[in-house]
Amino acid sequence: MSKTLIRGAKVLGGEVQDVLVDGETIAEVGTGLSAEGATVVEADGQILLPGLVDLHTHLREPGREDSETVLTGTRAAASGGYTAVFAMANTFPVADTAGVVEQVWRLGREHGYCDVQPIGAVTVGLEGRKLAELGAMHESAAGVTVFSDDGKCVDDAVIMRRALEYVKAFGGVVAQHAQEPRLTEGAQMNEGVVSAELGLGGWPAVAEESIIARDVLLAEHVGSRVHICHLSTAGSVEIVRWAKSRGIDVTAEVTPHHLLLTDEMVRTYNPVYKVNPPLRTERDVMALREALADGTIDIVATDHAPHPHEDKDCEWAAAAMGMVGLETALSVVQHTMVDTGLLDWAAVADRMSFAPARIGSATGHGRPVSAGEPANLTLVDPAYRGTVDPAGFASRSRNTPYEGRELPGRVTHTFLRGRATLMDGKLA
Amino acid sequence: MKRHLISAADLTRDDAVLVLDTAEEMARLADRPIKKLPTLRGRTICNLFFEDSTRTRISFEAAEKRLSADVINFSAKGSSVSKGESLKDTAQTLAAMGVDAVVIRHSASGAPYRLANSGWIDAPVINAGDGTHQHPTQALLDAFTLRRRLIGHEAGIGQDLSGKRITIVGDVLHSRVARSNVDLLHTLGAEVTLVAPPTLVPVGVGNWPCEVSYDLDSALAKCDAVMMLRVQRERMNAAFFPTEREYSRRYGLDAQRMAKLPEHAVVMHPGPMVRGMEITAEVADSPRCTVVEQVANGVFTRMAVLYLLLGGNEPAVTQPSSPSSPSSSRTEEK
């Protein structure tokens, strides 16, 4: 069994320690450790985190392999410090049967750059009318625990109620894409000052907030838990905060881009900024940061949404929504949350590893960095400063809003069950 | 002026007055037996119309031909676009053919901006209307019409619209004409009031340089011009207002309301008009209504824009007392 000694790392940003990995597990954490024959990684005070877990990734396989595949997506994940990703169900065919989720799960195992946990669709074909075979997907080899029609909202209140009730049987969770469809017909960007000026269809905050308000009340009524995908407005934060204060079992996520970018960027009409939910205002960004800091928002999730060049190199209305995020997420979180003093690295570990693993029931991930635990680890150099160059992305797609932007931090090493998937910034 | 004309907000006060003055000079051509200048001889302009438009396309084509440009008309219908070709591919095809300017009409807001700023083509881009965003030459022709009516042909030269009060009525939410006019009229010093039902006023309008009212009657008595906007009948199905009849009662312009206007005030409409709903036939056909003038002025204004972007970078206006025809003497130097 191979051994790796990570020497001189700040574990969760705390004290400098050595971590000895033996095979798939952490053998020892302490100071002055040595191990004969071990591969030594000199951390030089870099931050050691539990391997990151992304509860919201689009891998596009099956069906849109021109955008991303399980292989390229998991390579991107490893580059970004992730050891597990949850793959969204809006593939072609939709992941609404045991067969499709098992296919995705097996592809993840074969490629080995990170664990891939498929998310199952809530409704057949994401059409919002008939529940998918939630139990069969859970009982499959993929062991699905998270269900979502992401990309579309489960807007029928009865269907949403039934889904929340049904998944209680096996501890599942419904992850809602909160978007009231009638209020967002023709919507192309945040509704407000900028949309009025640009003549782009407005996407009102209330379209998100009204669904969240309904769903937390439904979750309370049926005694289930609900997860809210990609919060984007200050009002959504207030509703989740209220729901938690009331004891409702709700969790929520925010994307890195909603922590940094605003609808002012849309003035360029550059579709690289076209995303669902849309970029909001500075006030919303500040509220989201504050909510992530105080725990109202539980986790950071990338909503990594790869698209081929031609789907973005066009006029705004014709462009696909979404941006890639796996490889820049930690840098954006450092920039917006750590360097601003809102979160320390231990809290980053919580929001990007412990909590997402807990919400998604990803056993083996989001574990403490201590002896006997699976060696899923990420080493980060927070002092690094560099310009984002998408040409170097492992993802098959390049639709990043950060091209040419300087961002701090760099993932130098990623270990999946003791095996390096990223070594000195290069995929292993 | 900037290299492209994408938005009325791109124009400074001096830019806009220069266009209006140049258009005034172009208008003198209309009285000549041969309404043509050699200014853009040898230049090729493509009218790239991804959205149906009769009035604007013909107006641009007439303007281009009166300046002796070679004109290519492109309509998306039945073209490679209907076979799935993208705007980028179309633009690159035109670039390869060496067009000197592109006039683009597109249903997508921002399409002309993308065309001008994405490196797909290296030619001036003139926005002939994009989605619900902008229609800058419409705003210019409206301003030209207003200046002529409210100040005078000759007296208006060099003047802006300072102190003039313009009321714009109707579907502001979906109107590129309203957006363009608010920008340009404000730049020219006018005071603009938008009047519409609250459902047809965009969220965020508070940042626009204008007043907003939901009451047409109270706005009429103090304005120099009232500009009616087209209301698409399909809006009724989206519950923007209850019925055509109710809209007409609250926001339509009839003779009774027109009588509340000051005597000198004019009625404008970008066309095509929905008679009986937004404007009665009596008003539309009255001498105070400038709709037909606006169409004629559209050609002069578009000639001026094309001239300034492609042909000349100096004022085309000469003194009326000049012994030779001012327009011909200036433009033939180019």
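Residues numbered from 1 in each chain as written. Chains lettered and ligands numbered in written order. Predicted model: local features only at pLDDT ≥ 70, side-chain atom pairs only at ≥ 80, totals over all residues. Heavy atoms only, no water.

*Asks:* Hey, could you run me through the domain arrangement of chain B in this one?
*Replies:* Reports often express the size of an interface as the amount of accessible area lost when the parts come together. Residue and element names in this part refer to chain B. Here chain B is partitioned into domain 1 (8-134 + 294-323) and domain 2 (136-292). Once you take the C-alpha centre of each, domain 1 and domain 2 turn out to be 25 Å apart. Contact residues are listed per partner, giving 38 residues for domain 1 and 37 residues for domain 2. Both sides together, the interface formed by domain 1 and domain 2 hides about 3,000 Å², and carbon and sulfur atoms give 55% of it. The largest per-residue losses of area from domain 1 upon contact with domain 2 belong to Leu20, Glu24 and Gln294, which jointly make up 26% of the total buried on that side. One can count five salt bridges joining domain 1 with domain 2. Arg148 is paired through a salt bridge with Glu24; the nearest N and O atoms lie 2.6 Å apart. If you look at where domain 1 meets domain 2, you find 20 residue pairs in polar contact (both at pLDDT 80 or more). When contributions to the side of domain 1 that touches domain 2 are tallied by element, the ones reaching two or more residues are α1 (13-27), α2 (55-66), β3 (101-106), β4 (125-130) and α11 (291-311). (Domains from an automatic or database assignment. Contact = heavy atoms within 4.5 Å. Buried area = accessible area lost by both parts, 1.4 Å probe. Salt bridge = Lys/Arg side-chain N within 4 Å of Asp/Glu carboxyl O. Polar contact = N/O pair within 3.5 Å; in protein donor to acceptor, adjacent residues only side chain to side chain. Helix = DSSP H or I, 4+ residues; strand = E, 2+ residues; numbered from the N terminus.)

*Asks:* Explanation requested: the interface of chain A and chain B in the structure shown.
*Replies:* On the chain B side, the residues contacting the 21 residues of chain A number 18 residues. For the pairing of chain A and chain B, the buried interface totals around 1,500 Å² over both sides, and the portion due to carbon and sulfur atoms is 54%. For the pair chain A and chain B, the number of links is two salt bridges. The salt bridge partner of Arg114 of chain B is Asp313 of chain A, with a shortest N-O separation of 3.7 Å. Where chain A packs against chain B, one counts nine residue pairs in polar contact (both at pLDDT 80 or more). Grouping the amino acids of the side of chain A that touches chain B by side-chain chemistry returns nine nonpolar, six polar and six charged. (Nonpolar A, V, L, I, M, F, W, Y, C, P; charged D, E, K, R; others polar.)

*Asks:* Help me understand the environment of Gln46 of chain A, please; the structure alone is not making it clear to me.
*Replies:* Residue and element names in this part refer to chain A. Here Gln46 shows up in the loop between β4 (39-42) and β5 (47-50). Residue Gln46 is classed as buried on the basis of its relative accessible area of 12%. Within polar-contact distance, the side chain of Gln46 engages the side chain of Thr412 at 2.8 Å. (Buried < 20%, exposed > 50% of the residue type's maximum accessible area, 1.4 Å probe, protein only.)

*Asks:* So what exactly am I meant to see when it comes to empty space enclosed by the protein here?
*Replies:* To find leftover empty space, a probe the size of one water molecule is rolled over the atoms. Residue and element names in this part refer to chain A. One pass over the full model with this rule turns up three cavities of 30 Å³ or more. Size it by volume and the largest cavity reaches roughly 50 Å³. Lining the largest cavity are Ile26, Pro50, Gly51, Gly364, Gly366, Arg367, Pro368, Val369, Pro374, Asn376 and Leu377. Grouping the amino acids of the lining of the largest cavity by side-chain chemistry returns six nonpolar, four polar and one charged. (1 Å grid on protein atoms, 1.4 Å probe; cavity = no way out; pocket = protein on both sides within 12 Å on 5 of 7 lines; lining within 4 Å. Points joined across faces, edges and corners; volume = space filled by probe spheres on them.)

*Asks:* I tried to follow the packing of helix α7 (residues 234-245) of chain A against helix α8 (residues 282-294) of chain A on my own but got confused; where do I start?
*Replies:* The packing of two helices is summarised by the inter-axis angle and the distance between the axes. Residue and element names in this part refer to chain A. Running from N to C, α7 and α8 cross one another at 30°; their axes reach a closest spacing of 8 Å. Put simply, α7 runs roughly parallel to α8. Counting all contacts with α7, which are made through Ala234, Val237 and Arg241, the residues of α8 involved are Arg283, Asp284, Ala287, Leu288, Glu290, Ala291 and Asp294. Here the contact of α7 with α8 is composed, by residue class, of five nonpolar, no polar and five charged. (Axes fitted to C-alpha atoms, helices over the stretch in contact; angles between N-to-C directions. Parallel < 35°, antiparallel > 145°, perpendicular 65-115°, else oblique.)

*Asks:* Can you help me understand the sheet that holds strand β7 (residues 211-213) of chain B in this one?
*Replies:* Sheet strands pair via backbone hydrogen bonds, and the direction of the pair is either parallel or antiparallel. Residue and element names in this part refer to chain B. With respect to topology, five strands assemble into an open sheet ordered β7-β6-β5-β8-β9, the strand pairing being parallel. Because the sheet does not close on itself, it has two edges, and the strands there are β7 and β9 (266-268). For this sheet the average axis-to-axis angle between neighbouring strands, irrespective of direction, equals 20°. Relative to strand β8 (residues 225-228), strand β5 (residues 165-169) runs parallel, the two sharing four bridges. Bridging across to β8, Val169 finds its partner in Met228. (Pairing = 2+ DSSP bridges.)

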